[in-house]
There are 2 protein chains.
Amino acid sequence: MKQENITAVYGAAHGIKGILDEVFYDIGKEDAFELELLKTTPSSALGSCRYKLKNAEDDETDYKRLLEVFKKYDIRYFFYNGGNDSMDTCNKISKYMQKSGYECRVMGVPKTIDNDLFGTDHCPGYGSAAKYIATSFMEVYHDARVYDTGMVTVLEVMGRNAGWLTAASALAAAKGNGPDLIYLPELVFDMDKFLADVERVYKEKKKVIVAVSEGAKLADGRYVADSGVRDSFGHAQLGGVAITLANIVKEKLGCKVRGIEFSLLQRCAAHCGSLTDVNESYEAGRTAVQKAVEGVTDYMVGFERAPGSEYKCNMKLLPLDSVANTEKKVPREWINEEGNFVTQEFIDYALPLIQGETRPLLVDGLPRFANLKKVLVEKR
Amino acid sequence: MKQENITAVYGAAHGIKGILDEVFYDIGKEDAFELELLKTTPSSALGSCRYKLKNAEDDETDYKRLLEVFKKYDIRYFFYNGGNDSMDTCNKISKYMQKSGYECRVMGVPKTIDNDLFGTDHCPGYGSAAKYIATSFMEVYHDARVYDTGMVTVLEVMGRNAGWLTAASALAAAKGNGPDLIYLPELVFDMDKFLADVERVYKEKKKVIVAVSEGAKLADGRYVADSGVRDSFGHAQLGGVAITLANIVKEKLGCKVRGIEFSLLQRCAAHCGSLTDVNESYEAGRTAVQKAVEGVTDYMVGFERAPGSEYKCNMKLLPLDSVANTEKKVPREWINEEGNFVTQEFIDYALPLIQGETRPLLVDGLPRFANLKKVLVEKR
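Scoring rules and cut-offs
Numbering of residues begins from 1 in every chain and follows the order in which that chain's sequence is written. Note on labels: chains are lettered from A, ligands numbered from 1, in written order. This being a predicted model, a pLDDT of at least 70 is required before a residue's local features are given, and a value of 80 or more before pairs of side-chain atoms are given or counted; all residues contribute to the totals for chains, interfaces and linings. Values shown for side chains rest on all heavy atoms present in the structure; no hydrogens or waters enter the calculation. Runs of E in the DSSP output that reach at least two residues are strands. Runs of H or I that reach at least four are helices, and both are numbered from the N terminus. To get the radius of gyration, use the C-alpha atoms; to get the globule rule, take the number of residues to the power 0.38 and multiply by 2.2 Å. Note on exposure labels: buried denotes an accessible area under 20% of the residue type's maximum, exposed denotes more than 50%, and partly exposed covers the range between, all computed with a 1.4 Å probe on protein chains only. Residues are treated as being in contact if the distance between any of their heavy atoms lies within 4.5 Å. For the accessible areas, the method is Shrake-Rupley and the probe is 1.4 Å, while residue cover comes only from the protein chains on display. When charges are counted, Lys and Arg contribute as positive and Asp and Glu as negative, whereas His and the chain ends are disregarded. We put the charge of a Lys on NZ, of an Arg on CZ, of an Asp on CG and of a Glu on CD. Pairing between strands requires that DSSP locate at least two bridges from one strand to the other. Angles shown run from 0 to 180 degrees and are taken between the N-to-C directions of axes, each axis being a line fitted to C-alpha atoms and, for helices, limited to the stretch in contact. Superposing the copies works by least squares over the C-alpha atoms of residues that have pLDDT at least 70 in both of them. Here a Phe, Tyr or Trp ring, Trp counted by its six-membered ring, pairs with any other such ring whose centre lies within 6.5 Å, and the pair is stacked when the planes are under 30 degrees apart, edge-to-face when over 60, and tilted otherwise. Our definition puts a charge over a ring when NZ of Lys or CZ of Arg is within 6 Å of the ring centre and also within 35 degrees of the ring normal. Whenever a carboxyl oxygen of Asp or Glu lies within 4 Å of a side-chain nitrogen of Lys or Arg, that contact is scored as a salt bridge. Whenever a nitrogen or oxygen atom comes within 3.5 Å of another N or O atom, the pair is scored as a polar contact, on the condition that within protein one atom can donate a hydrogen and the other can accept it, and that pairs from neighbouring residues in sequence are kept only if both atoms are in side chains. These descriptions rest on fixed angle ranges, namely under 35 degrees for roughly parallel, over 145 for roughly antiparallel, 65 to 115 for roughly perpendicular, and the rest for oblique. Side-chain classes are defined by residue name, with Ala, Val, Leu, Ile, Met, Phe, Trp, Tyr, Cys and Pro counting as nonpolar, Asp, Glu, Lys and Arg as charged, and the others, Gly among them, as polar. Here, the term right-handed applies to a crossover whose path from the first strand over the helix to the second runs clockwise when the strands point away from the viewer. Helix span is expected to be 1.5 Å times the residue number reduced by one. The handedness criterion is simple: a crossing whose near helix is rotated anticlockwise from the far helix by less than a right angle is left-handed, and one whose near helix is rotated clockwise is right-handed.

Draft legend 1. Structural context of the overall build of chain A. Each helix and strand in chain A was counted, giving 13 helices and 14 strands. In terms of C-alpha radius of gyration, chain A reaches 23 Å, essentially the compact-globule figure of 21 Å for 380 residues. Dimensions along the principal axes, computed over C-alpha positions, put chain A at roughly 70 × 45 × 45 Å. A buried classification covers 57% of the 380 residues belonging to chain A. The long-range fraction of contacts in chain A, counting pairs at least 24 apart against all pairs at least 6 apart in sequence, stands at 75%. Working note: accessible area of chain A is about 16,100 Å², and carbon and sulfur atoms make up 49% of it. In chain A, which carries 49 positive and 55 negative side-chain charges, the distance between the mean positions of the two groups comes to 2 Å.

Now the structure itself:
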C-alpha cells in the first residue's frame with residue numbers, strides 16, 4: 001500500500017466504541033484551518049472512552065465485530081491514540097487482525113498527561129500539563145504569602161499510580177517559588193512522617209506548600225483521600241487527598257490550612273501549553289502515519305532523548321505488546337531518600353519538556369478552539 | 001507640596017500593620033526592572049492584612065500611633081490600595097489626619113478581583129480574574145465532553161456577596177463553551193429550583209455545567225457550602241459549595257458529577273492576565289500620585305466608562321467616604337428573570353475588560369516574577 005492508496009480518513013467517535021457502533025466522522029470534510037486549531041484545543045475532539053476489550057481468547061465478539069467493520073469500510077490503516085489502556089486496545093486489535101490474516105497496519109500514537117507509558121522518554125501531553133502545574137504552583141506560592149500569618153497549603157495533582165505530574169511541581173521549586181514537600185504515589189504515604197515534615201517546615205518558615213498525588217496511599221493500601229471523614233451514610237466524601245490532608249493538619253497542628261485540587265484544570269489548560277510538547281505530539285502522529293505508509297505495523301511511536309547536554313528528541317518505534325499495560329513510574333532514585341521531594345535528575349529530565357509557549361488563537365480576548373463539522377460517514 | 005518634595009517612597013509591610021509596627025521598605029532602592037515586573041507578578045509584593053481599624057470615636061489608640069509614625073517619618077502622602085475594607089481604613093485615616101490638622105494627602109487606589117467597590121465602573125484586578133475564569137470554563141467545557149456518558153460539573157467561583165466573578169463565566173457561554181446555569185449570591189439559592197434546572201438541562205444535553213458563587217446562600221441565610229455533610233464532630237467540612245452541590249446532585253439525580261473549586265488559582269493566575277486590566281490598574285495608581293501632588297486628598301481613583309460603543313475608560317475621583325463600606329453588587333436586571341443566568345447587558349459590560357493579553361516574562365519556560373530587595377527603612 002502507498003500513501004496515494006489512502007482514499008479517506010475517518011475519525012471514530014469515542015475511540016473503539018465508535019468503531020463498534022459504526023460512528024465515523026469524515027475528517028477529509030473538515031477545514032484545514034480548524035484541524036490546525038486542534039493543536040491548541042483541549043480535550044479530545046473526537047471523544048474518548050473507557051471501554052476495555054476482553055481478551056480475544058475469552059470472548060471474540062468485539063473482535064469479530066471490529067473485523068466486520070474494518071472490512072465493510074475497507075479500513076487498512078488503524079491509528080489509536082492514548083495511554084496505557086489505549087495501547088492495550090491497540091495491541092489486541094493488531095494481534096487479532098494479524099491472526100485473521102486481514103491486512104491492516106496498526107500503529108499506536110501515545111498521548112497521556114500521566115506520562116506513564118513504558119519505553120518512551122516521555123508522553124505527548126505531559127509537557128503542557130507539567131508547565132501549567134509548575135506555573136500555577138509558582139503563582140500560588142506568591143498568593144500563599146500575602147498575609148503574615150502561618151499557613152499550610154496542600155495542592156493535589158493528578159496521578160493515580162505514577163507521580164510524574166506531581167513531581168512537575170518541583171520545577172517551580174527549582175525557581176524558588178515552589179512546594180516545600182512533594183509526595184508521590186510511588187512510595188507509601190506515612191501520615192506521621194508527613195505531619196512531622198509539615199511541622200518542621202512550618203516552624204522554620206511559617207508557610208508550607210505541599211504537593212501530593214491524588215493516588216497517595218497508606219501502608220494498608222487505602223488511598224489517603226479515603227482516610228478522611230465520611231458522611232452520615234458512611235460514604236467517603238467526594239473531594240480528595242488535598243482537603244483530607246488539610247483537615248488532618250488543621251486538627252493535629254492547629255494551623256491555618258487550605259486544600260486545593262487542580263482537578264480537570266490541569267489536563268485542559270490549553271492556554272498555558274508547552275510548544276515543545278505540542279510540536280512533539282504532532283511529530284509523533286506524523287511519524288505514525290509515515291511509518292504505516294512505509295509498511296510498518298504493530299508498533300507505537302515513542303520518544304528517545306538524544307545524548308548530550310542539549311535537549312533533542314528523536315522518534316522511535318516500540319513493539320505494541322512491549323508497551324501495553326506496563327506503567328512507567330518515577331524511578332526511586334529520582335525521589336529523595338526521605339521520600340518527600342524529588343532530585344535534580346528529575347528537574348533535568350522535565351525542564352526541557354516545558355520549553356516554549358503555545359496558546360490558542362484568541363478572539364475577543366478568549367480562546368477560539370477548533371470547531372469541527374463532524375460530518376458523519378454514511379453507514380454501509 | 002510639589003512632586004520634587006517627595007524625597008522617598010516607603011512601602012508598608014502588610015498594609016496598615018506595617019505602619020503600626022514601623023516596618024517600611026525603601027522602594028527607591030529597588031531596581032526599576034523588578035518594579036516593572038510587578039505588573040505581571042501575582043499576589044501583593046508588600047503583603048496584605050485583615051486588620052480592621054476601630055472607629056476613632058471608640059478607640060483612638062491606633063490613630064494616635066499612626067499619626068506618631070507619620071510625623072516621625074514625615075509621611076505627607078499616603079496611598080492605600082485594596083477593596084472595601086482597605087477603602088474604609090483609608091477613609092478613617094484620612095478623616096483623622098484632617099481632624100488632627102496634620103497635612104497629609106490621602107488617596108485610595110482600588111484593587112479587588114471581587115469588583116465590588118462602589119462608584120467605579122469596575123475595579124483593577126477584575127478583568128484579569130474574569131479572563132482566567134472565562135478561559136478556564138471554556139477549557140473545562142471541552143474536557144467535560146470527552147466521554148459519551150452524562151455528567152454534571154459544578155464550578156465554584158470566588159465572591160462572598162457579589163457575583164461579578166461568577167458572572168464572568170457567562171463570557172465563556174457567549175462563545176458557546178460555557179456554563180448552562182449560573183447562580184450568583186445576589187439572589188437566594190433555591191435548592192429545589194436548582195435541582196430542577198440541572199435535571200432539565202441534563203435531560204436535554206446529558207452534559208451540564210454549573211457556575212456558582214462561593215457565597216450562594218439559602219433562604220434561611222446559611223451558606224449552601226455549610227448545608228452539606230458534617231464531620232463526626234459536627235464541624236462543617238472544609239471544601240465548599242461546588243462539592244456540596246455535586247454531592248447533592250449525585251444523591252438526588254443519580255448522575256455522574258464533578259465539583260471543581262477554582263480556589264486561589266483564580267486570583268493569582270498572572271499567566272492569563274488582561275492587558276486592559278493591567279494598563280488600567282497602573283493608570284489608577286499613576287492618577288492617584290499625580291492628583292495628590294496637585295493637591296487632591298481624601299479621594300479614591302475610580303473608572304468611568306466613556307459613552308459610545310467603543311470601550312474607553314477615564315479616571316475619575318470619588319470621595320473616600322462615599323466608597324468606604326458600600327458593596328456594589330450585580331444589578332438585578334443583569335440577572336435573568338429565572339435567576340439562573342446573566343443577561344446580555346452583563347456580557348457587554350464585562351467583555352471589554354478582558355481584552356488584550358499579558359503574561360509574565362518567561363525564563364526557562366516559567367514565569368520570572370518580580371524579586372524585590374525589600375530594603376528595610378531604618379527605624380527612627
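There's more to say after this.
Draft legend 2. Seen up close, the sheet that holds strand S7 (residues 207-213) of chain B. Residue and element names in this part refer to chain B. Within the open sheet, the four strands sit side by side as S6-S7-S5-S8. Their pairing is parallel. The open sheet terminates on both sides in strands that have one partner only, identified here as strand S6 (181-183) and strand S8 (257-261). The average undirected angle you get between the axes of adjacent strands in this sheet is 15 degrees. Across five bridges, strand S5 (residues 151-157) lies against S8 in parallel orientation. By the bridge assignment, Thr153 is partnered in S8 with Arg258. Helix H9 (residues 241-253) rests against S5, S7 and S8 of the sheet, and its axis sits at about 170 degrees to S8.

Draft legend 3. Representation of the relation of the copies chain B and chain A within the structure. Once chain B has been moved 0.0 Å along the axis and rotated by 180 degrees, it coincides with chain A to within an RMSD of 0.0 Å. Put plainly, the chains are arranged around a two-fold axis. With an isologous cut-off of 70% or more, the 100% of interface residues of chain B that recur at the interface of chain A puts this contact in the isologous class.

Draft legend 4. The arrangement of the packing of aromatic side chains in detail. Residues and elements named next belong to chain A. Following the criterion strictly, the structure yields 36 aromatic pairs over all chains and no others. Relative to Phe78, the ring of Phe70 lies with its centre 5.4 Å away and its plane at 50 degrees, an arrangement referred to as tilted. An identical accessibility class is assigned to Phe70 and Phe78; each is buried. Over the ring of Tyr223 we find Arg160; its NZ or CZ atom is 4.4 Å from the centre of that ring.

Draft legend 5. Spatial organisation of the side chain of Asp277 of chain A. Residue and element names in this part refer to chain A. Note that Asp277 resides in helix H11 (residues 275-294). An unpaired buried charge is present at Asp277: no salt bridge exists, and Lys131, the closest side chain of opposite charge, is 10.0 Å distant. Among the polar contacts listed, one links the side chain of Asp277 to the side chain of Ser128, at a separation of 2.7 Å. If we ignore the near neighbours within four places in the chain, the residues touching Asp277 are Cys123, Pro124, Gly125, Tyr126, Gly127, Ser128 and Leu353.

Draft legend 6. Representation of the packing of helix H3 (residues 61-72) of chain A against helix H4 (residues 84-100) of chain A within the structure. Residues and elements named next belong to chain A. Running from N to C, H3 and H4 cross one another at 70 degrees; their axes reach a closest spacing of 11 Å. Relative to H4, H3 is oriented roughly perpendicular. Taking contact as the criterion, the partners of Tyr63, Lys64, Leu66, Leu67 and Phe70 in H3 are, on H4, Lys92, Ile93, Tyr96, Met97 and Ser100. Of the residues that constitute the contact of H3 with H4, the class distribution is seven nonpolar, one polar and two charged.

Draft legend 7. The arrangement of the sheet that holds strand S11 (residues 313-319) of chain A in detail. All names here are of chain A. Pairing within the open sheet is mixed, and its four strands lie in the order S3-S4-S10-S11. The open sheet has two edge strands, strand S3 (77-82) and S11, and neither has a second partner. In this sheet, neighbouring strand axes are inclined to one another by 30 degrees on average, regardless of whether the strands run parallel or antiparallel. Across two bridges, the pairing between strand S4 (residues 105-110) and strand S10 (residues 299-305) is parallel. Of the residues in S10, the one forming a bridge with Gly108 is Met300. The strands touched by H4 are S3, S4 and S10; relative to S3, the strand with the most contacts, the crossing angle is about 160 degrees.

Draft legend 8. Broad picture of the pairing of S4 of chain A. Residue and element names in this part refer to chain A. Burial analysis of S4 places six of its six residues in the buried class, the great majority of the element. Judged by which residues are buried, S4 turns out to be covered on both faces: Arg105, Met107 and Val109 on one side and Val106, Gly108 and Pro110 on the other are all buried. The β-α-β motif built from S3, the intervening H4 and the parallel element S4 has right-handed crossover chirality.

Draft legend 9. Layout of the pattern of salt bridges. Residue and element names in this part refer to chain A. A complete count under the given rule lists 54 salt bridges over all chains for this structure. For the salt bridge of Asp298 with Lys95, the shortest nitrogen-to-oxygen distance reads 2.8 Å. Here Asp298, found in the loop between H11 and S10, pairs with Lys95, found in helix H4; they are 203 residues apart in sequence, far enough to count as distant. Of the residues examined, Asp298 reaches a relative accessible area of 15% and is grouped as buried.

Draft legend 10. The arrangement of H3 of chain A in detail. Residue and element names in this part refer to chain A. Over its 12 residues, H3 runs 17 Å from end to end, which matches the ideal 16 Å to within 8%, given 1.5 Å per residue. Buried-residue contacts for H3 involve helix H1 (16-20), strand S2 (24-26), S3 and H4. In the segment just after H3, Asp74 is the residue with positive phi, at about 55 degrees.

Draft legend 11. Looking closely at the packing of helix H8 (residues 191-205) of chain B against H9 of chain B. Residues and elements named next belong to chain B. Their axes nearest at 11 Å, the elements H8 and H9 cross at an angle of 70 degrees. Here H8 is positioned roughly perpendicular relative to H9, judged by the angle of their axes. In the crossing of H8 with H9, the sense of the turn from one axis to the other is right-handed. In this structure, H8 contributes Met191, Phe194, Leu195, Val198 and Glu199 to the contact, and H9 contributes Leu245, Ile248, Val249, Lys252 and Leu253.

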